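Single-letter residue listing:
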Amino acid sequence: MMDQQVSLCLGGDLANLHSLGWIATDIHRLIEFSDLLESGDQEPLERYFGPQARPANRYKSFTANGHRPLSDISLQDDGSLALNIPNLSVAGAIVMPLVQTAVTRLLKKTDTPQDFRLTPVDSGLKRVMQAFERGDFGSGSEGLNTLAFVLAELNYKVDFLVSNADIVEHSVDRYATRIARTIRKHGR
């Protein structure tokens, strides 16, 4: 089911195409990760995103979907850049806010000011992900399992989240670290 949409917003010093390009590369990898999660194909999921996976170069595609259509990039009234990422799976609409939560946590540790948001457009999913960000569900695998339970109760098909909690946690941490590093480097 490819009908979810996520909005990426970069403000402040990050509101430039150079920063957007670096972050968009990591976002593309997370979309591929989400597609593999949703498909249930364990072998490439483990090989490319598992704990033993080697870092991949940004030119290799891991899924048959290849490149997606161009997204809508717009300049907001406050000077921030907004990128709408359409046609995501439910996994993508869940993984993106998980990454945003992890990036926020990493940037707070280093007192780096940031204006970086990845939010689902689906209002029900948005409320649940905001509760997760506040820490209402706990942290780590326990938090992911609680998140999966809540989303399942709201009729989202999220069985992939429980069965792959360790890979989700590993990939979210890995890409959040990369994005936080980009923000610290380019957000000056």
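A short tour of the structure in this document, coming up. Keep in mind that what you see is a predicted model, and the values were worked out from it rather than measured.

### Here we look at helix α4 (residues 123–134)
Thinking step 1. Compared with the 16 Å implied by 1.5 Å per residue over 12 residues, the 17 Å span of α4 between its first and last C-alpha is a close match.
Thinking step 2. Residues of α4 that are buried include every one of G124, L125, V128, M129, A131 and F132, and no others. Looking straight down α4, one finds that the buried residues subtend no more than 155° of arc, so they occupy a single side. Summarising the geometry of α4, the exposed residues directed more than 90 degrees from the buried face are R127 and R134.
Thinking step 3. Tucked inside the fold, the buried residues of α4 contact β1 (4–10), α3 (90–109), β4 (116–120) and α5 (140–153).

### Focus on the packing of aromatic side chains
Thinking step 1. Counted under the stated rule, the structure contains three aromatic pairs.
Thinking step 2. Measuring from centroid to centroid gives 6.2 Å for F132 and F137, while their planes differ by 50°, and the two rings are tilted.
Thinking step 3. Judged by relative accessible area, which is 10%, F132 ranks as buried.
Thinking step 4. An aromatic cluster of three or more residues is present, and its members are F33, F49 and Y175.

### A look at the side chain of Q100
Thinking step 1. Counting through the fold element by element, Q100 comes out in helix α3.
Thinking step 2. Look at Q100 and you get buried, because its relative accessible area is 7%.
Thinking step 3. Those residues in contact with Q100 that sit more than four places away from it in its chain are F116, R117, L118 and E133.

### Focus: the sheet that holds β4
Thinking step 1. Strands sit in the order β2-β3-β1-β4 across an open sheet of four strands; the sheet is antiparallel. The open sheet has two edge strands with one neighbour each: β2 (72–75) and β4. Averaged over all pairs of adjacent strands, the angle between their axes in this sheet comes to 15°, without regard to strand direction.
Thinking step 2. Note that β1 and strand β3 (residues 81–88) share six bridges and pair antiparallel. Bridged to L8 within β3 is L83.
Thinking step 3. Packed on one face of the sheet, α3 meets β1, β3 and β4 and runs near 150° to β4.

### As for the pattern of salt bridges
Thinking step 1. Enumeration over the complete set of coordinates arrives at four salt bridges.
Thinking step 2. A salt bridge links D26 to R178, with the shortest nitrogen-to-oxygen separation between them at 3.0 Å. In this pair, D26 sits in helix α1 (residues 17–39) while R178 sits in helix α7 (residues 165–186), placing the two residues 152 residues apart along the sequence.
Thinking step 3. Judged by relative accessible area, D26 falls into the buried class, the value being 3%.
Thinking step 4. For R178, a relative accessible area of 29% gives the class partly exposed.

### As for the pairing of β1
Thinking step 1. Most of β1 sits out of view: six of its seven residues are buried.
Thinking step 2. As defined by bridge partners, β1 adjoins β4 across five bridges and the pair is classed as antiparallel. Opposite V6, over in β4, you have P120 as the bridge partner.

Reading the values: rules and limits
- Residues numbered from 1 in each chain as written.
- Predicted model: local features only at pLDDT ≥ 70, side-chain atom pairs only at ≥ 80, totals over all residues.
- Heavy atoms only, no water.
- Helix = DSSP H or I, 4+ residues; strand = E, 2+ residues; numbered from the N terminus.
- Expected span 1.5 Å × (residues − 1).
- Buried < 20%, exposed > 50% of the residue type's maximum accessible area, 1.4 Å probe, protein only.
- Arc of directions from axis to C-beta.
- Contact = heavy atoms within 4.5 Å.
- Phe/Tyr/Trp six-rings, centres within 6.5 Å; stacked < 30°, edge-to-face > 60°.
- Pairing = 2+ DSSP bridges.
- Axes fitted to C-alpha atoms, helices over the stretch in contact; angles between N-to-C directions.
- Salt bridge = Lys/Arg side-chain N within 4 Å of Asp/Glu carboxyl O.

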